[in-house]
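Report on the structure
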Amino acid sequence: MAFNAVKEKYRSKVGEVTLGATKEQGGTRGYTITVGGEGALPFLHFEGEIPNRPVVALEVWDHAPADWNACFDSYFGDVYNDAAAWAKKCVEEYGADLIVLRLKGADPDINDASPEDCAKVVKDVLAAVECPLVVLGCGKEEKDNQVLPVVAEETSGENLLIGVAEQENYKSLTAACMVHKHNIIAQSPIDINICKQLNILITEMNLPDDRIVIDPTIAALGYGLEYGYSIMERARNGALQGDKMLGLPMIGNVGFEVWRTKEANASVEDFPAWGEQEPRGILWEATTATALLQAGMDIVVMRHPKAASLIKQNIEELMVANEV
Amino acid sequence: MGLTGLEIFKQLPKTNTGDCGFPTCLAFAMALAAGKTSLDKCPHVSEEAKEALGAAAAPPIKLVKVGTGDHAVEMGDETELFRHDKRFYHPTALAVLIEDTEDVAARVAAFDELEFDRVGLHFVTDMVALQCTSGDGAKFKAAAEAVAAGTQKPFVLICEDVAAMETAATAVADKKPLLYAATNDNYEAMTELAKKLECPLAVKGNGLADLADLVEKITKLGYKELVLDSGNRETSQVLADLTQIRRSAVRKRFRPFGYPAMAFTTKDDPMEEVVQAGVYLSKYAGMIVLKASKKEEILPLVSWRQNLFTDPQKPIQVEAKAVAVGDVTPDSPVYITTNFSLTYYIVEGEVEGSKVPAWIVPVNTDGISVLTAWAAGKLTGDSINKALKENDMESKVNHKTLVLPGYVAVLSGSTEEETGWKVIVGPREAAGIGKFAKDNFGK
Ligand code: B12
Ligand code: SF4
């Protein structure tokens, strides 16, 4: 019995989304990044084209985070109070492909930063780095609905990726992205039907599907990772089988989820049986990311520079063509 | 595959003894056709029938066992490509590489301690992979004996030189180690040895096509306790190979690949190794040999393995029964949480760690987490009230104050209304419970 490779014939491929705009394109970025476009399951080059590698972003906050683990001090301690310098460091020293700026300071319970203040931080970061930028709100709908449209307007033409839009709250952000030419993150709570539905709602407002990135919601390793993994895997299978509304690139907030966990943070003194804290945290983050890359994640949002570089290297190795 | 339940039924004894665990031969035949059981479960089936049903009745991937006793490791017998379709059954075995030129006894002792407790579960590193680096049969044998003496867990003997393998394997054959590996150059003698010692045998090919040929040659020699290695070592290619082996077996019932597959990490940096192993664990490796052996390196891998191999249809639940943590008194605090096993055990661990004895009341949310249950309307003032009543908390404590998870602070009002208890909102992450308990309930 001779071996015959089993190759799937897919009906469709994932759509491509381009982030950022250069001067010629109406923005100020030094380069753009295109994600998506896969014609096969993750890294199975033998049965389809994988034109763009997944990209690795590092997370930057608009104010010094109060509760990040002390192990981050040696990387970011000197730039915590300066988002622009922080972003620059992430790109230049830690090799981030792009930056995710989280406007946590807008949270009424934190700094209650005004929409104008937020827009200023975004512009400062844009001025400091050449890479495309992702901007996330503080997570409180009401406030984000005030902040994000202002940010979109003030950065018109930059082709940012802005989030998040949810099923109950997508209209104002979709409209802002339409008018000011940005891309949108459509977030659904690990539910494939809501994921599809939300993409339909957004495209019905005439934002084209090549400007939508899906956040199907993930959890950290040990905290429900398998649910996010399976949703991504289902979405990617659906995309290849021709479901256009699942055929969009996916983003995962890996660092954010992982560094909330006990396993990433607990000291070795408290948990001697779990080994050293910092390498454990790094590997908790990297393992979460490597698993989700196998499910189809396109934009990996990391927090620890070492975990980010491990994942960049992993992606590089997986982008080497394979054959059967 | 291709045989229908009725075609299979014709070959069965039709005596309905029930020994297979099914009430009738017909029910068994139907289950067999659906790939839900295997022919060997019927003790009465004739040799001719076995022959006739052959490949059709065998599971797509053979179950292969390494080692003996409680710690034996079973690999293979998987039926799916994606866990969302059904589930994965036999968690990837992790084997820590030790060379016979090292202080084997010391390394094995350290290996044997690589066990972890997390969220109510116990995790272990399954095997030692002992490599004959010395090239010396006597040394390899001594090392194998040291492994056998040092741990109950099974092991792999890595050596392509048949003479050295024979020396070592014969000495420890009763432990049923996996012999690695039969290759194009040595397969006749290596297969003979495995057969004689009744030990499982790894087959190392030179790419997939070659591997398939080699497996066929070995099965023709009459041996089928096999584990497959494509021989490739590049991350991307190994991913492709593992995927092909699994697909060929499950989709096409391609017999040469109907065995568990294994992979080796290649990185020198342990962190890079863990990430590389993460790829193979996600995609179909039945076993991974790796060098990383520190606790912080292994814990993420065994945790991902546990996550990946859970049943996607059934969240693991705990009984929705109040639990006293520590020496509780009528003054002890009462914490509310859900009966999702993960959630419950995280909270229990923190309450225990806080050193403030307390009651934990897991509300029956059908095994879903705090926020999921809140969003699904299963964690409500009403369901919390029910949990307090059913557990008769009023008679267990002399106060009427409960602690809500911080993420559902919005439930405070309705909870106070429904229960008549006073609500204190706890921290969001359970990790905050230690400090919270000291601040609120410490002396
Ligand atoms: C996995 C998951 C699921 C799984 C459920 C798995 C399960 N068994 O629970 C599935 C896919 C089934 C699911 C479904 C849904 N989900 Co869901 N899900 C998640 C996810 C990714 C992780 C949840 C998890 O397991 N966390 C780990 C556990 C351990 O956390 P936990 O229970 O909260 O416990 C922690 C704390 O609360 C605290 N704690 C716990 N108890 C106590 C007690 C005390 C006293 C204290 C002090 C602390 C404390 O300690 C723990 C560790 O710190 C989250 C998003 C995320 N990244 O967190 C969304 C999330 C919870 N889901 C959400 C939603 C909306 C849903 C759905 C309603 C979506 C839908 N419409 O279908 C459904 C509802 C399901 C149903 N009808 O039954 C939303 C909730 C929105 C909100 N803010 O309220 C979330 C936040 C996603 C999002 N961002 O939108 N979900
Ligand atoms: S054990 Fe065999 S003979 Fe007995 S009911 Fe099952 S299939 Fe029929």
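Residue indices begin from 1 for each chain and proceed along its sequence in written order. Lettering for chains starts from A, numbering for ligands starts from 1, and both go in the order in which the items are written. Note on the predicted model: pLDDT of at least 70 is required for a residue's local features to be given, and 80 or more for side-chain atom pairs to be given and counted; whole-chain, interface and lining totals, by contrast, use all residues. Only hydrogens and water are removed before side-chain values are computed, so all heavy atoms of the structure are retained for them.

Some remarks on the sheet that holds strand β9 (residues 201–204) of chain B
All names here are of chain B. Only strands that DSSP links by at least two bridges are regarded as paired with each other. Under the DSSP-based scheme used, a helix requires at least four consecutive residues in state H or I and a strand at least two consecutive residues in state E, with every element numbered from the N terminus. Pairing is parallel in the open sheet, where eight strands are placed in the order β10-β9-β8-β7-β6-β3-β12-β11. The sheet terminates laterally at β10 (226–229) and β11 (262–264), the two strands that pair on one side only. Averaged over all pairs of adjacent strands, the angle between strand axes in this sheet comes to 25°, irrespective of strand direction. Here three bridges tie strand β7 (residues 155–158) to strand β8 (residues 178–182), and the two strands are oriented parallel to one another. Among the inter-strand pairings, Leu157 is bridged to a residue of β8, identified as Leu179. Here a residue-residue contact requires only that any non-hydrogen atoms of the pair lie within 4.5 Å. Every axis corresponds to a line fitted to the C-alpha atoms, with the helix fit spanning only the stretch in contact, and the corresponding angles, defined between N-to-C directions, vary from 0 to 180 degrees. Strands in contact with helix α6 (residues 162–172) are β7 and β8; relative to β7, the strand with the most contacts, it is inclined by about 160°.

With respect to the UniProt feature "domain: CO dehydrogenase/acetyl-CoA synthase delta subunit TIM barrel" (unreviewed entry) in chain A
UniProt positions are given in the numbering used here, feature names are shortened, and annotations may be inferred rather than shown by experiment. Under the feature "domain: CO dehydrogenase/acetyl-CoA synthase delta subunit TIM barrel" (unreviewed entry), the UniProt entry names residues 16–303 of chain A. Here residues 16–303 of chain A runs as 37% helix and 15% strand, with 25 Å between its end C-alpha atoms.

Describing the UniProt feature "binding site: 5-methoxybenzimidazolylcob(I)amide" (unreviewed entry) in chain B
Residue and element names in this part refer to chain B. Mapped onto this numbering, the UniProt entry gives "binding site: 5-methoxybenzimidazolylcob(I)amide" (unreviewed entry) at Thr337, Thr343, Gly367, Ile368, Ser369, Val370 and Ala430. Looking at the secondary structure, you find Thr337 in strand β14 (residues 334–338). With a 1.4 Å probe rolled over the protein chains alone, any residue whose accessible area is under 20% of its type maximum counts as buried; one over 50% counts as exposed, and the rest are partly exposed. Note on Thr337: relative accessible area 2%, which makes it buried. Residue contacts for Thr337: discarding those within four places in its chain leaves Thr343, Tyr344, Val347, Ile360, Val361, Pro362, Val363 and Val370. Here Thr343 is to be found in helix α12 (residues 341–354). We classify Thr343 as buried; its relative accessible area is 12%. In contact with Thr343, other than residues within four places in its own chain, are Thr337, Thr338, Ser369 and Val370.

Considerations on the sheet that holds strand β17 (residues 422–425) of chain B
Note: strands within a sheet are paired through backbone hydrogen bonds, in either parallel or antiparallel orientation. Residues and elements named next belong to chain B. Taking strand neighbours across the sheet as the criterion, the five strands line up as β13-β15-β14-β16-β17 in an open arrangement whose pairing is mixed. Each edge of the open sheet carries a strand with a single partner, namely β13 (323–325) and β17. Across the sheet, the axes of successive neighbouring strands diverge by a mean angle of 35°, strand direction being ignored. Where β14 lies against strand β16 (residues 401–404), two bridges are found, and the strand directions are parallel. Note on β16: the bridge partner recorded for Tyr335 is Val403. Here helix α14 (residues 381–390) sits on the sheet in contact with β14, β15 (358–363) and β16, set at roughly 125° to β15.

Concerning the confidence of the model for chain B
Close inspection of predicted coordinates is inappropriate for parts of the model with low pLDDT. On average, chain B scores 94 in pLDDT, and the residues at 70 or more come to 99%. Here the complex is predicted with pTM 0.91, and the ipTM for its interfaces comes to 0.95. The predictor attaches a confidence to each residue, and that confidence, scored 0 to 100, is pLDDT.

Some thoughts on helix α17 (residues 433–441) of chain B
All names here are of chain B. Listed in full, the buried residues belonging to α17 are Ile433, Gly434, Phe436 and Ala437. The arc enclosing the buried residues of α17, seen along the axis, measures out at 165°, which places them on a common side. Residues of α17 that are exposed and point more than 90 degrees away from the buried face comprise Lys435, Lys438 and Asp439. Buried residues along α17 sit in contact with β14, α12, β16 and β17. As used here, the arc belongs to the directions running from the helix axis to the C-beta atoms.

Focus: the site of ligand 1
When at least one non-hydrogen atom of a residue lies within 4 Å of a molecule or strand, that residue is treated as near it. Around ligand 1 lies a shell of 39 residues, among which Asp191 of chain A together with Thr343, Ser369, Trp374 and Glu429 of chain B are the nearest. The local environment of ligand 1 is shared, drawing residues from chains A and B. Polar contacts, as counted here, are pairs of nitrogen or oxygen atoms within 3.5 Å of one another; within protein the pair requires one atom able to donate a hydrogen and one able to accept it, and residues that are adjacent in sequence qualify only if both atoms are side-chain atoms. Between ligand 1 and Ile218 of chain A there is a distance of 2.8 Å, counted from a nitrogen atom to a backbone nitrogen or oxygen. In this structure, an oxygen atom belonging to ligand 1 sits 3.0 Å away from a main-chain N or O atom of Ala430 of chain B. The set of elements that each furnish at least two residues to the shell around ligand 1 consists of β14, α12, α13 (370–375) and β16 of chain B. Taken together, the residues of the shell around ligand 1 sort by class into 27 nonpolar, six polar and six charged. Under the scheme applied, nonpolar residues are Ala, Val, Leu, Ile, Met, Phe, Trp, Tyr, Cys and Pro; charged residues are Asp, Glu, Lys and Arg; polar residues are all the others, including Gly.

Focus: unusual backbone geometry
The omega angle of the peptide bond from Gly163 of chain A to Val164 of chain A is 5°, so this bond is cis rather than trans. Structurally, the position occupied by Val164 of chain A is in strand β6 (residues 161–165). Cis rather than trans, the peptide bond between Tyr180 of chain B and Ala181 of chain B has omega equal to 5°. Along the polypeptide, Ala181 of chain B turns up in strand β8. The phi dihedral of Asn206 of chain A is positive, around 80°, even though this residue is not glycine. By the secondary structure assignment, Asn206 of chain A is in the loop between α6 (192–204) and β8 (212–215).

Quick look at the interface of chain B and chain A
At the junction of the two partners, chain B supplies 53 residues and chain A supplies 57 residues. Within this document, salt bridges are pairs made up of a side-chain nitrogen of Lys or Arg and a carboxyl oxygen of Asp or Glu, the two lying within 4 Å of each other. Seen at the junction of chain B and chain A, the total is seven salt bridges. When the shortest N-O distance is used, the salt bridge between Arg251 of chain B and Glu8 of chain A registers 2.1 Å. On the surface where chain B and chain A come into contact, there are 21 residue pairs in polar contact (both at pLDDT 80 or more). Counting residues per element, the ones that place at least two in the side of chain B that touches chain A are β4 (115–118), α8 (208–220), α9 (235–252), α10 (270–282), α11 (295–308) and α12 of chain B. Looking at side-chain class alone, the side of chain B that touches chain A contains 22 nonpolar, twelve polar and 19 charged residues.

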